[in-house]
Amino acid sequence: MDSTANLAGEGTVSAEAAPFYKRLLRMRETGLIVIILGLFFIMSFASPYFLTWANMRAMSMAFAVDGILVVGMTILLISGGIDLSVGSVTALAMVIAGWLFLSGIDPWVASGISIALCTGIGAFMGFFVTRIGLHHFIVSLAVMVIARGACLLFTGGRPLGLYTLPPEFKFIGQGTIGPIPIVIVIFLVFVIAFDFMLRRTTMFRKVFYTGSNEKAAAYSGIRTKKVIFLTTTLCSTLCGVAGIIYMARFGSAQPTFGLGLELTIIAAAVIGGASLNGGSGSILGAILGVILLSLVSSSLALLDVSVYWQDIIRGSILLAAVTIDHYLNKRRA
Amino acid sequence: MQDDVILNISNLSKSFGPVKALRGIDFELRKGEIHAIAGENGAGKSTLMNVIDGILQPDSGQIILDGASVKITSPTKAQRLGIGFVHQEIALCPDVSVAENIFMAKTNVSRSWLMDYRKLEREAIDVFKQLSDIDPSVLVKSLSISNQQLVEIAKALTLDCRILILDEPTAALTEAEAQTLFAIMRRLADQGISIIYISHRMVEIFDNCDRVSVFRDGQHIVTQNVKDVGPSDVVNAMVGRVIDELYPEKQRAEARSDEAILEVRNLSDAKRFHDVSFALKRGEILGIAGLIGAGRSEIVKGICQLEGSVSGDVLLNGTPLKLKNYQDSIANGIVYLSEDRKGDGVFLDLPIAANISALKLEQVANGMGLIQSGAEMAQADALGRKLNLKCGSLSDPVSSLSGGNQQKVALAKLLSVNPRLIFLDEPTRGVDVGAKSEIHRILRDLAHDGVGIVVISSELPELIGVCDRVLVVREGRISGQVAGDAMTEENIMHLASVMDADAAVA
Ligand SMILES: Nc1ncnc2c1ncn2[C@@H]1O[C@H](COP(=O)(O)OP(=O)(O)OP(=O)(O)O)[C@@H](O)[C@H]1O
Ligand SMILES: [Mg+2]
């Protein structure tokens with residue numbers, strides 16, 4: 001089963017450990033990597049522009065920030081929750097920071113305040129879920145609408161142009177270290193850190209227990225409400241971080257940014273092996289999910305497929321990926 | 001007519017990956033007989049039943065029903081063929097009423113488009129009335145495990161089946177409920193219905209069944225008439241060796257100590273139990289008996305702060321305990337084994353090793369809070385060996401284990417923290433005879449080493465067999481206690497049901 005790979009896949013030293021290649025085959029991530037490489041191979045023939053440095057860079061920039069969002073979503077899904085508000089909260093983080101900056105506050109301070117506010121939003125949702133007992137779905141749906149409304153309220157519906165942002169701030173979104181964009185560096189740090197923590201720390205192991213069977217977790221002495229509260233808050237905090245990076249990258253704050261983004265993020269996490277029932281998922285898988293979706297999008301754009309068709313194709317690919325994965329897992333179980 | 005074969009299974013095999021659950025099994029069921037199947041945990045009993053019910057497809061082999069070879073492709077097909085199945089694990093819809101759950105199965109087999117819900121409900125209620133006096137309009141989730149099990153049985157009884165499979169139906173029932181079930185089984189058998197009855201309790205098999213088949217490691221060992229053999233023959237065939245002592249030796253008189261490990265004074269939660277006082281002495285195993293719903297589980301959950309808020313004093317080794325919550329309780333070495341294994345005992349989709357380490361992850365982690373999977377595997381391996389756990393690999397999910405082996409995982413989880421005081425609620429539910437006596441022996445060893453052991457069980461012979469003293473709870477109060485020779489089923493039942501309080505039999 002998938003969770004097996006997540007909890008014991010790496011560094012398992014047991015008497016009955018399977019040979020390395022077998023374990024590799026068993027890992028869900030392997031299938032995704034094969035699909036991604038296949039697509040890569042096909043595209044490099046289909047479009048001369050595909051394998052250029054500029055395209056690679058644009059593509060990785062596109063999934064890097066979403067990758068941070070998908071980290072939060074995956075952890076939340078593992079704990080048994082879901083968050084539909086990621087798109088709006090990311091936009092709100094941008095808008096608030098931009099608005100504060102325009103009213104004369106230092107951009108770094110403005111960003112800090114904005115991220116803190118997102119944490120507050122997560123805590124707010126966590127409160128409704130754990131204390132009042134409402135479902136994540138409905139609470140985050142409401143917050144999705146509220147946050148979007150707040151974005152429009154702060155901006156009057158128009159993008160905020162932030163031309164005066166100091167260059168050292170823009171650097172986080174636009175700068176490079178050697179040939180590598182800073183955004184990619186930040187993304188890698190987040191992904192590696194959270195992937196490691198999720199696999200290895202006792203703190204995050206409790207997230208798996210809670211999502212797998214909340215009652216059994218409580219009967220194992222785990223404060224399940226606290227776990228759910230924290231994963232909900234973490235997801236929103238990472239939205240804040242992503243919003244700030246987007247702002248630095250675009251040099252503007254767009255109130256309509258991220259419409260429908262939540263669906264991409266959830267889809268990526270699920271393609272990567274997170275279960276909507278909680279208890280399983282992995283960061284590495286989810287990141288591969290983001291990469292796959294972003295690869296498909298940019299391929300379709302390169303191939304000049306009509307926008308309307310793009311959505312239809314993306315939806316079909318999502319369905320196909322999840323179906324194949326479902327069968328592969330059944331076979332393994 | 002006894003010799004009419006209704007179901008014949010020949011040379012049937014089924015594997016799950018590397019695990020060979022059934023290897024060329026043969027089995028024959030006659031019309032109107034009650035046929036018991038016995039075998040250790042993981043012997044393949046449930047797997048064979050799942051094949052007969054169409055839930056699993058065999059890798060090879062034949063199923064012959066009424067002389068014709070059949071392929072049972074789904075549970076619906078099985079129902080149409082007249083096969084009813086009461087599962088080992090309860091599978092009801094918790095959010096709908098008892099009556100609706102009971103006739104749910106029926107809506108499924110009917111070939112007509114329109115359902116006469118009134119008629120169905122009436123039928124459901126009629127069937128249910130024979131079994132129990134639970135109100136059929138209450139929601140299933142509000143019922144105790146034992147009552148849920150009764151609903152599950154009633155569900156199968158409403159189908160007009162020719163073959164009825166009962167997989168450990170009494171594991172969660174009280175003695176009286178079990179007797180009602182046996183009476184119904186006998187009546188059905190007299191009507192010509194064939195019953196397959198799986199149980200780990202020899203008494204039940206020998207009192208109620210006509211023939212018994214023994215399975216071991218996925219193979220059919222022997223089938224015999226119950227009246228031609230004795231329980232020890234069956235047990236020996238099951239385990240492949242001779243088991244002499246079923247229960248471990250009790251505490252010796254000279255080993256008795258007055259030192260109390262646990263002392264409870266005037267404990268009450270104002271709702272389900274009141275004024276409970278008792279003490280657990282060093283080295284003894286204390287039992288708690290009572291009817292289902294008497295408040296046994298609630299009392300011990302109250303002590304560990306798992307449920308509700310309680311008033312009264314609890315002293316551990318003479319020092320008053322002020323536990324805020326169950327985390328506190330675990331930190332103090334007080335742990336509880338839940339009676340509802342699937343609901344809150346194990347994490348079904350997580351690996352076995354991760355289940356066992358759940359209570360105190362620090363034990364398998366280094367100073368920085370990083371889990372060392374080597375340590376985790378070693379811990380699971382050691383405890384698995386101690387409890388004789390049968391599994392493919394320790395990183396397989398718990399859902400791949402047989403019922404009894406899942407119970408061992410739940411138990412291993414508690415033992416992993418080296419507890420000072422263990423409350424066990426139905427500790428050997430679904431565990432086979434060999435493993436059961438193994439668990440009893442472990443409990444006795446722990447008690448001997450000074451660990452406090454409190455056992456709740458609905459199986460009176462088990463309480464009498466392992467405990468040194470038994471408290472009886474009736475309607476949320478301790479109605480008396482028995483020890484020594486006074487520990488008999490009659491005395492316990494008397495205290496559990498009769499109204500004259502304080503009838504302590506010393
Ligand atoms: N879905 C599964 N995946 C992998 N292995 C399985 C699965 N189901 C059962 N097994 C294995 O098949 C074997 C037989 O299991 P089965 O449930 O039939 O045992 P059983 O005789 O009913 O035991 P118990 O008395 O404990 O209920 C066990 O070794 C079990 O681990
Ligand atoms: Mg079984």
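Quick notes on the rules
- Residues numbered from 1 in each chain as written.
- Chains lettered and ligands numbered in written order.
- Predicted model: local features only at pLDDT ≥ 70, side-chain atom pairs only at ≥ 80, totals over all residues.
- Heavy atoms only, no water.
- Helix = DSSP H or I, 4+ residues; strand = E, 2+ residues; numbered from the N terminus.
- Rg over C-alpha atoms; globule rule 2.2 N^0.38 Å.
- Buried < 20%, exposed > 50% of the residue type's maximum accessible area, 1.4 Å probe, protein only.
- Areas by Shrake-Rupley, 256 points an atom, 1.4 Å probe, with all protein chains shown as cover.
- Lys, Arg positive; Asp, Glu negative; His and termini not counted.
- Charge placed at Lys NZ, Arg CZ, Asp CG, Glu CD.
- Near = heavy atom within 4 Å.
- Polar contact = N/O pair within 3.5 Å; in protein donor to acceptor, adjacent residues only side chain to side chain.
- Nonpolar A, V, L, I, M, F, W, Y, C, P; charged D, E, K, R; others polar.
- Pairing = 2+ DSSP bridges.
- Axes fitted to C-alpha atoms, helices over the stretch in contact; angles between N-to-C directions.
- Contact = heavy atoms within 4.5 Å.
- Buried area = accessible area lost by both parts, 1.4 Å probe.
- Salt bridge = Lys/Arg side-chain N within 4 Å of Asp/Glu carboxyl O.
- Donors = N, O, S within 2.8 Å, 3.2 Å for Na, K, Ca; no water.
- Domains from an automatic or database assignment.
- Core = buried A, V, L, I, M, F, W, Y, C linked by side-chain atoms within 4.5 Å.
- Parallel < 35°, antiparallel > 145°, perpendicular 65-115°, else oblique.
- Left-handed = near helix turned anticlockwise from the far one by under 90°.

Okay, the overall build of chain B next. Within chain B, the secondary structure is distributed over 17 helices and 20 strands. Here the C-alpha atoms of chain B give a radius of gyration of 23 Å, agreeing with the 23 Å that 2.2 N^0.38 yields for 506 residues. With the principal axes as the frame, chain B shows a C-alpha extent of 70 × 55 × 45 Å. Here chain B, with 506 residues, has 57% of them falling under the buried criterion. Summed over all atoms, the accessible surface of chain B reaches about 20700 Å², with 49% contributed by carbon and sulfur. Separation of charge centres in chain B, based on 53 positive and 68 negative side chains, amounts to 3 Å.

Residue and element names in this part refer to chain B. In the region of ligand 1, 19 residues are neighbours, and Asn-41, Gly-42, Ser-46, Thr-47 and Gly-404 sit closest. Backbone polar atom of Gly-403 to an oxygen atom of ligand 1: 3.4 Å apart, as the coordinates give it. Protein contact buries 84% of the 640 Å² of open area that ligand 1 shows by itself. Elements with a contribution of two residues or more to the shell around ligand 1: strand S2 (19-30), helix H1 (45-52) and helix H14 (403-415). When grouped by side-chain class, the residues that make up the shell around ligand 1 number 5 nonpolar, 11 polar and 3 charged.

Paired through backbone hydrogen bonds, the strands of a sheet run either parallel or antiparallel to each other. Residue and element names in this part refer to chain B. Reading across the sheet, the 6 strands line up as S16-S17-S18-S13-S19-S20 and stay open at both edges, with mixed pairing between neighbours. Here the strands that pair on one side only, and so sit at the sheet edges, are strand S16 (334-337) and strand S20 (477-483). Direction aside, neighbouring strands of the sheet carry axes that sit 20° apart on average. Along the sheet, H14 makes contact with S16 and strand S17 (421-425), crossing S16 at roughly 175°. The sheet contacts of helix H17 (residues 489-497) involve strand S13 (285-290), strand S19 (469-474) and S20, and relative to S19 the element is tilted by about 30°.

Here we come to the sheet that holds strand S10 (residues 219-225) of chain B. Residue and element names in this part refer to chain B. The 6 strands are arranged S6-S7-S8-S3-S9-S10 in an open sheet whose pairing can be described as mixed. Since the sheet does not close on itself, it has two edges, and those belong to strand S6 (83-86) and S10, each with one partner. Adjacent strand axes in the sheet meet at a mean angle of 20°, parallel and antiparallel pairs treated alike. Both strand S3 (residues 34-39) and strand S9 (residues 211-216) contribute to a ladder of 5 bridges, which runs parallel. Each bridged residue has a counterpart across the sheet, and for His-35 the counterpart in S9 is Arg-211. On top of the sheet, helix H6 (residues 175-190) reaches S3, strand S7 (163-167) and strand S8 (194-198); it is set at about 145° to S8, its chief contact.

Opposite the 32 residues of chain A that make contact, chain B presents 39 residues. At the boundary of chain A with chain B, total buried surface from both sides reaches about 2800 Å², with 57% on carbon and sulfur atoms. Looking only at chain A, the three residues that lose the most surface to chain B are Arg-200, Tyr-209 and Tyr-219 of chain A, adding up to 26% of its buried area. Along the contact surface separating chain A from chain B lie 2 salt bridges.

Residues and elements named next belong to chain B. Around the magnesium ion (ligand 2), the protein contributes the donor atoms Ser-46 (OG) and Gln-88 (OE1), at 1.9 to 2.2 Å from the metal centre. A residue pair is termed long-range when its members are at least 10 positions apart, and Ser-46 in helix H1 and Gln-88 in the loop between S6 and helix H3 (98-109) qualify at 42 residues. For Gln-88, a relative accessible area of 17% puts it in the buried group.

Residue and element names in this part refer to chain B. The domain architecture assigned to chain B consists of domain 1 (5-239), domain 2 (260-333 + 419-495) and domain 3 (342-418). Contact residues are listed per partner, giving 16 residues for domain 2 and 11 residues for domain 3. Roughly 1200 Å² is buried in total at the junction of domain 2 and domain 3, and carbon and sulfur atoms are behind 73% of that figure. Counting the surface domain 2 buries against domain 3, the share from its top three residues, Ile-330, Pro-419 and Ile-442, is 40%. Linking domain 2 to domain 3 there are 0 salt bridges. Applying the counting rule to domain 2 against domain 3 returns 1 residue pair in polar contact (both at pLDDT 80 or more). For the side of domain 2 that touches domain 3, the element with the highest residue contribution is helix H15 (residues 433-448), accounting for 5 residues. For the side of domain 2 that touches domain 3, a count of residues per class yields 10 nonpolar, 2 polar and 4 charged.

Core analysis: the biggest nonpolar cluster contains 102 residues, and Val-70, Val-71, Ile-75, Tyr-209 and Ile-283 of chain A have the highest contact counts within it. Top contributing element to this core by residue count: helix H4 (residues 53-78) of chain A, with 14 residues. Listed in part, the 79 residues of the second largest apolar core include Ile-261, Leu-267, Phe-273 and Leu-495 of chain B.

Okay, the packing of helix H9 (residues 182-200) of chain A against helix H12 (residues 224-250) of chain A next. Between two packed helices, what matters for the description is the angle formed by their axes and the separation of those axes. All names here are of chain A. Following both chains from N to C, one finds H9 and H12 inclined at 165°, their axes separated by 12 Å at the closest point. With respect to their mutual orientation, H9 and H12 come out roughly antiparallel. The two elements H9 and H12 meet at a crossing, and its hand is right-handed. Taking contact as the criterion, the partners of Val-183, Ile-186, Phe-190 and Phe-194 in H9 are, on H12, Leu-234, Leu-238, Val-241 and Ile-245. Its residues assigned to classes, the contact of H9 with H12 shows 8 nonpolar, no polar and no charged.

Moving on: the packing of H9 of chain A against helix H14 (residues 283-302) of chain A. Residues and elements named next belong to chain A. Viewed as axis vectors pointing N to C, H9 and H14 meet at an angle of 145°, and their least axial separation amounts to 9 Å. Contacts between H9 and H14 involve Phe-187, Val-191, Phe-194, Asp-195, Leu-198 and Arg-199 from the first element and Ile-283, Leu-284 and Ile-287 from the second. When grouped by side-chain class, the residues that make up the contact of H9 with H14 number 7 nonpolar, no polar and 2 charged.

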